Each structure stands twice: as structure tokens, then as C-alpha cells.
Amino acid sequence: MTSAADPVIKATMLAKTFGATRALDGLDLNVAAGEVHGFLGPNGAGKSTTLRVLLGLIRPTSGVVRVFGLDPWRDPVNVHRDVAYVPGDVSLWPNLTGGEVIDLLTGLRGGADERLRRTLIEDFDFDPKRKARAYSKGNRQKAALIAAFARPARLYLLDEPSAGLDPVMDTVFRSQIRRVRDDGATVLLSSHILSEVEQLCDRVTIIRSGRAVETGSLAELRHLRRTHFRVEGGADPVRLAAIPGVQGVRANGTAVEFDADAADLAPVLAAVAAGGVSGLTVSPPSLESLFLRHYSDRNGQAR
Amino acid sequence: MPGVVRLALAQARRDRVLLPVWILGIALLGFVTATAVATEFDAESERAAIIGVAAVSPAFLFLRGLPDGTGIGAVVFFQGYAFTAVLAGLMSTFLVIRHTRADEELGREEIIGSLPVPRAAPLAATLLLGAAANLVLAASVAAGFAASGLPGTGAVTAGGAVGAVGVFFVAVAAAVAQVMPSGRSANGAAAGLVGAAYLLRGIGDAFGSPSADLTQVTSGWASLFSPIGWGQRSRPFSDADPVPLLVLTGAAAVVAVAVLVVRSRRDLGGSLLPERAGRERAGAGGTSFLGLAWRLQLPTLIGWCVGAAVLGALAGGLGPVVTDAVVGNESLKELIGRLVPGSRAEIIDVFTAALLGIAGVFAAAAGVQAVLRLRAEEVEGRAELLLAVPRSRARWLGANLVLAAASVTVVAAVAGTAAAVGLSLSGTGNPPGALLIGAALAHVPAAAVFLSATAVVFAAAPRLCIPVGWGLLAGGLILGQFGELLRLPSWVQDLSPFRHSAAMPVEPFDPAAALALTAVALLGAGIAVYLIRRRDLAA
């Protein structure tokens, strides 16, 4: 049905309107087999709507979407056969225990791998005997994650999955992502937690107002990012501002702050050294800056 | 105290559509009943006739209440009070649980609890809102009665009788909210207590003793245990007496104070009936749509079955009382024969047919509730989690429709069986028990039409399905209970599916109508299953 070269997820010019709101506005998304794909965006950017379209829970107003080469709206059952899903806001049946919820969800997918189920419950330190009504947000999240990971799938759709987890549980979650990736599965991980995406993902798509504004591997996106300099001493703001790739120069008392393209730092360092340096702070490139660039004003001023 | 008022205003704002609908609906029902009685039974002799029949017929006494004279107001009160009081009770219990235990379960009370107000302040605010709502209800009912031309004192007392029952159930529901661990269970328990109040009053009234001229009945002791019975004792249109209403309000105040004390001493989220740990693994049926539907529906189904069993047992068990009342009174027998459809019917048959008709409405309600649960699953986000599995939405809906239809059948069968058992225990061999079970089951096709109509609305216009689902059922109930009285055109009355199912044992079973109703129900189910694939799942 699908060869290895075909993307697992392929969405083209996807649009979805709810009344007057355009939740998705021409979104393109391609996720190749075997990759862990980060899906970054702020609240309300359309991440959850996209995942629901991918599952065929809602129908796109226009555009084409294929998951495993199938249209999820027309053929949800066959798409779901190989999908594990964790929604962003996990709501469980209040009178069922966590264990029963896990059995229900894995059972409907064809049954859990018992060994996996046991290990996951242990690793996530989850009490399966309590009624779901008594679970905290983090515990509901764990129940959905255990249900998702306790049966192998070809595609994992995870909507801000670690939002309710503490750092220890977050580590368990990351190790599960690595495990399923090593098994050859594809993961689409929506998040606004940048460090999570940076540590886990091979490729990233950044979505804003229902549209993909950037997509590529982390290495590719690194070119877009800027290193932040804070120089104390006699650096000359005018000379710095004249160097190509330097932006946002501002004098701040005895210090000068600016951003420089990470690709071409040699002239910057020369100019800094020429002015004399009594203190130097260089913030390493992080996804944070990339992220802020896309959500700050459009004139390119990152900060 | 200012905090309490502020909270009460915030709660009132949340209910700004729901409460006016309840209040105006109840007042309108009273107004329409009063107008209908005034035009329909214009002559005193006609009213004396119907009251005379009712006074010696436990079926009437049980369903409607106590005759209290032959004035127009008295007949209106007799016809409509008990039903109206039940509605006031339900309005009050739903109001209280919505703002107390349900909010607590959903974590909303936690954020209020962080404010500088006493622990019991939200509860006090709800009690205040409930009292105010019932005051407005009492005034509206009184205004409706006065507008239809009934005497002022009587109208005000009658309105007060409805409002006092409502106030009492505000306090009762607040107590239930301290006992039950979840909003759903608290709603079920509180509504069950409203039903019990109606039944206790019915039993007391059915065993009441008529006066010599058959214009009044003094109720039996059982109705003393029912707030609805107490409200009825105010006798608005004969000898208006506010004392029973003051007793009700005073009892409500005592309960309310006790509940406030309990609330200010208990933990947030704590309850008298605690949540226990459950099973670690799902049972055999726990991994299918049908199994899940069964798990979710079971507690409610048990509640409906208990209600149906009580109703059925009364239908059977009160049989001898009914027969005794008429034995040796040929002229009365003849009168009843003229007034009741199915002229040659035995009194006992009329009684059981009426009660089993109500059991049919119970069965339909159980089915509609099972279908509407799907909407809650969708809105609360569980359907999203569930429907990401490789099973089609049609199967999800189908499994729930199968369970809803099974619920309808089970509730009806329980009512019929209880009626048969009650009848055999009471020593009356006629009508035969098997016939009663059949009579209860005869309503299943009509009840199934309601649940399939609800399913179609759920599939096509999900936002409307809860009001439309319950609205259709309420419409069917009102057409059945008041359609004849209001002299509605027959095509309007024919809109209710219940009109088309045979009222056994008075009428013979009508296989053609049953088949037609079943066909309509199946067609609706098919349309719903077809349409559910075509819409977005609400997020």
C-alpha cells in the first residue's frame, strides 16, 4: 500500500473553519516514516485541530490529507489500526479505574502487550486501581500515555503529551519515545515545550495561525537562528550594526547587546575584539530564539 | 454575607436561561390546566361528577391527588398539583446539585475555596438562589392561576404549595450533595427522592377516605411522609391554610442549617459515601463499545428499574383496594364506565393501564438518557480518546442504541413483572399476570421511537440533542396526561408515539401499530447511524 519513501503523513493546503474562525489556513505538513516530528506552536495555533483532522475526527474544509496514504475522513478505521493517540486534554470515564481505561483503549485496538503494560505502569508509577474521577491531570495523562504505548503502533500522535508530567515522569516519557523510534515507528509530537522538541525530534514544523511557517531538520533550522551577544567594554555599536547578519544592536549602559547570524560569526568576533572586552556573554543558539522570532513582531526584531 | 450574595448572583447568571425556562414552563402548565378546566367543566354538576368518580377511585387519587371540593380552582389543583410539585422538586434538585457536588467534582469549587469566603459560602449561595428561584416560581404559578380567573387567596396558596415543595427539595438536595461522591450519583439520588415523595403521597391518597358527599378525600397516613402531601394539605381552594406550607419551609430551614454545618466541617471533595478502589483490570466485557456502554449505563438503569418496579408493584398491589371501592356500587360503576375510554373496562384494568403507561414513559426516559450519554462523552472529550481506535463511529452509536433499546425493554419488563407479582400477592387473579407483562412490553416500540429520534438529533444537530431529547419526552408525557383534558385536536395528540401503543389491558394489543412504531424506530436508528459519519466530532 505504501512504500518506505512515501510520507506517513502528507497534508497539503489544509484549511478548517469553525464559523468565522479559520483554525487551519493552508497548512502543509509532511512526516516521513520513522521520524520523530516536532509540531511546534503556541496555544490556538491549530495543533490540536490538525491532529483531529489527521484522525478523521473532523473533516477539513479544503485541502488534501493522507495518513498511510489513506484519507482519514473516509477511511478512519483503517488509519486508526496503526495509530496510537494521546489527546491534549485527557478526559476519562469517572467511574472506571485507570486499569480499566487502559484495558478498554488497548483492547479496542486489538489488545495490549502484557509485558509492556506491566512495565509502563511500573515506570510511570501509576496506580491502576483508583477511579478515574480521583486522578489528577498528570495521572489522567499517564493513563492515556500507558494506553498509547502498551500496544505497538506505526504512528504515534501525541498532543502536548508531557504537559501534566513532572520531570521524572517526563524522562520516562522521553525514553518511551526513543524506544518506539528505535522500533521504526513514526511520531508526531505537538508541543510548545521547546526543550522537549529539541531533545526528541529529528524534524520540526512550526505552525502559526493555522499555517506552517517553517519546516525542516533541526540542523537546517539552526541557520535561521541567531546567537545573542552581550559585550561589556568598548564595543562600537555603529561598527557592529554595519556587519551583515547583525541585528537589534542596542547600547545598554556600558554594555552592547545584539544578535548575530550563527552562520557567519568571524567578522562579529573581530569587531568585538577590536573594541576591547571586559565582559562577554554569548547565549548559544536555542530553539527558543527561533520560536520567538516567529511569534514576535514581523520586522525581524527577535527581542 | 456580601460574599454569599455575590456568589449567588454569579450562580444565577450561569442559570439565566435554564431557570426562567423551568419557572415559566411550570407556571404556563398551571395556567393552561386552569383555563382548560374552566372551559371544559364549566357546569358545577360536571365537576361534581368527575370529582365523585375520582374520590372513590384509587387510581385517580394515586396519580393526581386529593379531590377538595367542586369549585374550578379545586378541580385544577386536584388535576395538576402533584405533577407540578414534582417538576418544582426536580427543578430544585438539579439546580442545587449543579452548583454543589457537580462543581466540586469538576474542580470548580476549589478555585472558589481559595477566595476569602467561608468554606460553606458557595453552598449558602446555592441555598439562597434555590429559595429565590422557588419564590419566583410560587409567584409565577399564583399569577398564572389568578390570570385564568381563579380566586386570589387560592391562587397565592396554590403557588405557595408548589414553591414550598421546591424549597424543601433545595434543602434535601443540598444534604444529598454532602452524601454522594459524584454529581451524577447525587442527581440520581435526589431525583429519586422527588419520585419517592410523589409515590408516598400517591399511596397515602389512594388509601384516603372520601367524605359522605364524595367531594373531598382525607389522605391516609403515608402522605404525611411526603412533602408533596404536606403541600396538598394547604387546601388552597377550599379552606386555604398556610400552616402546612410553613411546616415545610421550617423543615427546609432546619435541614439547610444542618447541611451548612456539615459542609463547613468536611474536606473539599469528601463525601459520606466515599469512593472505593476498583478493579485493576477490565472484565470480560470491558474492551468493547457495548461493554463500555453497559458499564456506564448500569447505575442509572438500576435506578430506573427500581422506579419501574415500585410503580408496577403498586399497579398490581393496589388492585384489591380499587375493586373493593367500587363493589356494590352499580351506579358508580356505570359512571366510571362512561367517563373512562374503553367503556366496558373493569376499574382495575383502567388503573393498571394508567400506571403501566407511566412505566412506559420511564422506559423511554431510560433509553433517551442512554442515548444522551453519548453527547456527554463527546462534549467532555472522551469520545475523542475513544474514537481514535480502529472501530467506526457507526459501531459506537450502534452499540449505544442497542443498549438503549435493551434498557427500554428491561425497564418495561421489570414494571410488568412487578405488576404481575403484586397482583398475585394481593390475591386478585384477574387480569392474569402474563397479560400485565405483555401490557408493559406493549409500550416498548413507542418508547423506542423516542430514543431513535434523540439519536437522529444527536447525529444531525448535536448541540440540540439534550433539550430536544428530553423535550420530546416531556411533550409525549404532557400530551398523554393532559391531552384529553386540554381537548387538543386529535392530530396533535396523535403526534405522541404513546398514543399509538395499545393501553393494555383496557385495549387489545395492536400488532400493526406496534410493527409500525418499531419500523419508525429502526428507520430513525438507521438514519442516525448514517448521519453520524458525516459530521465533525465536537472538540
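The structure displayed is predicted, hence computed values, not measured ones.

## Remarks on the environment of Glu-198 of chain A
Part 1 of the argument: Within the secondary structure layout, Glu-198 of chain A lies in helix 7 (residues 194–200).
Part 2 of the argument: Spatially, the C-alpha atom of Glu-198 of chain A lies 8.3 Å from that of Gly-38 of chain A, the residues being 160 residues apart in sequence.

## Overview of the environment of Leu-436 of chain B
Part 1 of the argument: Its place among the elements puts Leu-436 of chain B in helix 19 (residues 433–441).
Part 2 of the argument: Sequence separation between Leu-436 of chain B and Thr-417 of chain B is 19 residues, and the spatial gap between their C-alpha atoms is 7.4 Å.

## Re the side chain of His-37 of chain A
Residues and elements named next belong to chain A.
Part 1 of the argument: Tracing the backbone shows His-37 in strand 3 (residues 36–40).
Part 2 of the argument: With relative accessibility at 0%, the residue His-37 sits in the buried group.
Part 3 of the argument: At a separation of 2.7 Å, a polar atom in the side chain of His-37 contacts the side chain of Glu-35.
Part 4 of the argument: Within the local environment of His-37, its side chain forms a polar contact with the side chain of Thr-205, the two groups lying 2.6 Å apart.
Part 5 of the argument: Apart from the residues within four sequence positions on either side, His-37 is in contact with Leu-29, Asn-30, Val-31, Val-187, Leu-188, Leu-189, Cys-201, Arg-203, Val-204, Thr-205 and Thr-215.

## What to know about the sheet that holds strand 6 (residues 155–159) of chain A
All names here are of chain A.
Part 1 of the argument: The mixed open sheet is built from six strands, whose spatial order is 5-6-7-3-8-9. Of all the strands in the sheet, the pair left with one neighbour each is strand 5 (83–86) and strand 9 (211–217). Each strand axis lies, on average, 15° off the axis of its neighbour in the sheet, ignoring direction.
Part 2 of the argument: Relative to strand 7 (residues 186–191), strand 6 runs parallel, the two sharing five bridges. Within strand 7, the position partnered with Leu-155 by the bridge is Thr-186.
Part 3 of the argument: Strands strand 5 and strand 6 of the sheet are contacted by helix 5 (residues 137–149), whose axis makes an angle of about 175° with strand 5.

## Focus on the packing of helix 5 (residues 72–99) of chain B against helix 8 (residues 121–147) of chain B
Residue and element names in this part refer to chain B.
Part 1 of the argument: Look at helix 5 against helix 8: their axes get within 10 Å of each other, and the N-to-C directions meet at 155°. The orientation of helix 5 relative to helix 8 falls into the category roughly antiparallel. Crossing of helix 5 over helix 8 shows right-handed handedness. Taken together, the residues of helix 8 that come into contact with helix 5 (itself represented by Val-76, Ala-88, Met-91, Ser-92, Leu-95, Val-96 and His-99) are Thr-126, Leu-129, Gly-130, Ala-133, Asn-134, Leu-137 and Phe-145.
Part 2 of the argument: A breakdown of the residues in the contact of helix 5 with helix 8 according to their chemical character gives nine nonpolar, five polar and no charged.

## Quick word on a positive patch on the surface
Part 1 of the argument: Positive charge collects at one region of the surface, where Arg-59, Arg-66 and Arg-74 of chain A together with Arg-533 and Arg-534 of chain B lie side by side.
Part 2 of the argument: Mapped onto the fold, Arg-66 of chain A is located in strand 4 (residues 62–67).
Part 3 of the argument: For Arg-66 of chain A, a relative accessible area of 33% gives the class partly exposed.

## Side note on the interface of chain A and chain B
Think of interface size as the accessible area that goes away when the parts come together; that is how it is often given.
Part 1 of the argument: Counting residues at the interface gives 38 residues for chain A and 38 residues for chain B.
Part 2 of the argument: Across the contact surface, chain A and chain B share seven salt bridges.
Part 3 of the argument: Where chain A packs against chain B, one counts 23 residue pairs in polar contact (both at pLDDT 80 or more).
Part 4 of the argument: Broken down by secondary-structure element, the contributors of at least two residues to the side of chain A that touches chain B are strand 1 (9–18), helix 2 (76–80), strand 5, helix 3 (98–109) and helix 4 (114–123) of chain A.

## Regarding the domain arrangement of chain A
Part 1 of the argument: Domain assignment breaks chain A into domain 1 (9–221) and domain 2 (226–284).
Part 2 of the argument: Here the C-alpha centroids of domain 1 of chain A and domain 2 of chain A sit 41 Å apart.

## Quick look at the packing of helix 5 of chain B against helix 9 (residues 152–179) of chain B
All names here are of chain B.
Part 1 of the argument: For the pair helix 5 and helix 9, the least separation of the axes is 8 Å and the interaxial angle reads 35°. Once helix 5 is placed against helix 9, the crossing between them reads as right-handed. Residues Phe-77, Tyr-81, Thr-84, Ala-85, Ala-88, Gly-89, Ser-92, Thr-93, Val-96 and Ile-97 of helix 5 form the contact with helix 9, whose participating residues are Ala-158, Ala-161, Val-162, Val-165, Gly-166, Phe-169, Val-170, Ala-173, Ala-174 and Ala-177.
Part 2 of the argument: Residue composition of the contact of helix 5 with helix 9, grouped by class: 15 nonpolar, five polar and no charged.

## Looking at the domain arrangement of chain B
All names here are of chain B.
Part 1 of the argument: Along its sequence, chain B is carved into domain 1 (1–274) and domain 2 (284–534).
Part 2 of the argument: Computed over C-alpha atoms, the centres of domain 1 and domain 2 are 25 Å apart.
Part 3 of the argument: Connecting domain 1 to domain 2 are zero residue pairs in polar contact (both at pLDDT 80 or more).
Part 4 of the argument: Split into classes, the residues belonging to the side of domain 1 that touches domain 2 amount to 18 nonpolar, three polar and three charged.

## Remarks on unusual backbone geometry
Part 1 of the argument: One non-glycine residue with positive phi stands out, namely Asp-125 of chain A, at about 55°.
Part 2 of the argument: With respect to the helices and strands, the residue Asp-125 of chain A is situated in the loop between helix 4 and helix 5.

## Let's talk about a nonpolar patch on the surface
Residue and element names in this part refer to chain B.
Part 1 of the argument: The grouping of Leu-200, Trp-221, Leu-224 and Phe-225 at the surface amounts to a nonpolar patch, some 470 Å² of accessible area in total.
Part 2 of the argument: When you line up the elements, Trp-221 lands in the loop between strand 2 (217–218) and helix 11 (227–232).
Part 3 of the argument: Here Trp-221 falls in the exposed class, since its relative accessible area comes to 64%.

## Details of the pairing of strand 2 (residues 21–31) of chain A
Part 1 of the argument: In the sheet, strand 1 of chain A pairs with strand 2 of chain A via eight bridges, with the strands oriented antiparallel. Counterpart to Lys-16 of chain A in the pairing with strand 2 of chain A is Leu-24 of chain A.

## Overview of helix 10 (residues 183–206) of chain B
Part 1 of the argument: For helix 10 of chain B, which comprises 24 residues, the first-to-last C-alpha distance of 34 Å matches the rise-based estimate of 34 Å (1.5 Å per residue) to within 8%.
Part 2 of the argument: All of the buried residues in helix 10 of chain B are Gly-183, Ala-186, Ala-190, Val-194, Ala-197, Tyr-198, Leu-199, Arg-201, Gly-202, Gly-204, Asp-205 and Ala-206 of chain B.

## Comments concerning the pattern of salt bridges
Part 1 of the argument: Per the stated rule, a full pass over the model turns up 32 salt bridges over all chains.
Part 2 of the argument: A salt bridge links Asp-536 of chain B to Lys-16 of chain A, with the shortest nitrogen-to-oxygen separation between them at 2.3 Å. One end of the pair, Asp-536 of chain B, is in the segment after helix 23 (511–532); the other, Lys-16 of chain A, is in strand 1, on a second chain.
Part 3 of the argument: For Asp-536 of chain B, a relative accessible area of 23% gives the class partly exposed.
Part 4 of the argument: Lys-16 of chain A gets classed as buried once you look at its relative accessible area, which sits at 5%.
Part 5 of the argument: One continuous salt-bridge network, built from bridges that share partners, spans Asp-103, Glu-114 and Arg-117 of chain A together with Arg-281 of chain B.

Definitions and cut-offs
Residues numbered from 1 in each chain as written. Chains lettered and ligands numbered in written order. Predicted model: local features only at pLDDT ≥ 70, side-chain atom pairs only at ≥ 80, totals over all residues. Heavy atoms only, no water. Helix = DSSP H or I, 4+ residues; strand = E, 2+ residues; numbered from the N terminus. Buried < 20%, exposed > 50% of the residue type's maximum accessible area, 1.4 Å probe, protein only. Polar contact = N/O pair within 3.5 Å; in protein donor to acceptor, adjacent residues only side chain to side chain. Contact = heavy atoms within 4.5 Å. Pairing = 2+ DSSP bridges. Axes fitted to C-alpha atoms, helices over the stretch in contact; angles between N-to-C directions. Parallel < 35°, antiparallel > 145°, perpendicular 65-115°, else oblique. Left-handed = near helix turned anticlockwise from the far one by under 90°. Nonpolar A, V, L, I, M, F, W, Y, C, P; charged D, E, K, R; others polar. Patch = residues over 30% accessible without salt bridge, like charges linked within 9 Å, V, L, I, M, F, W, Y side chains within 5 Å. Areas by Shrake-Rupley, 256 points an atom, 1.4 Å probe, with all protein chains shown as cover. Salt bridge = Lys/Arg side-chain N within 4 Å of Asp/Glu carboxyl O. Lys, Arg positive; Asp, Glu negative; His and termini not counted. Charge placed at Lys NZ, Arg CZ, Asp CG, Glu CD. Domains from an automatic or database assignment. Expected span 1.5 Å × (residues − 1).

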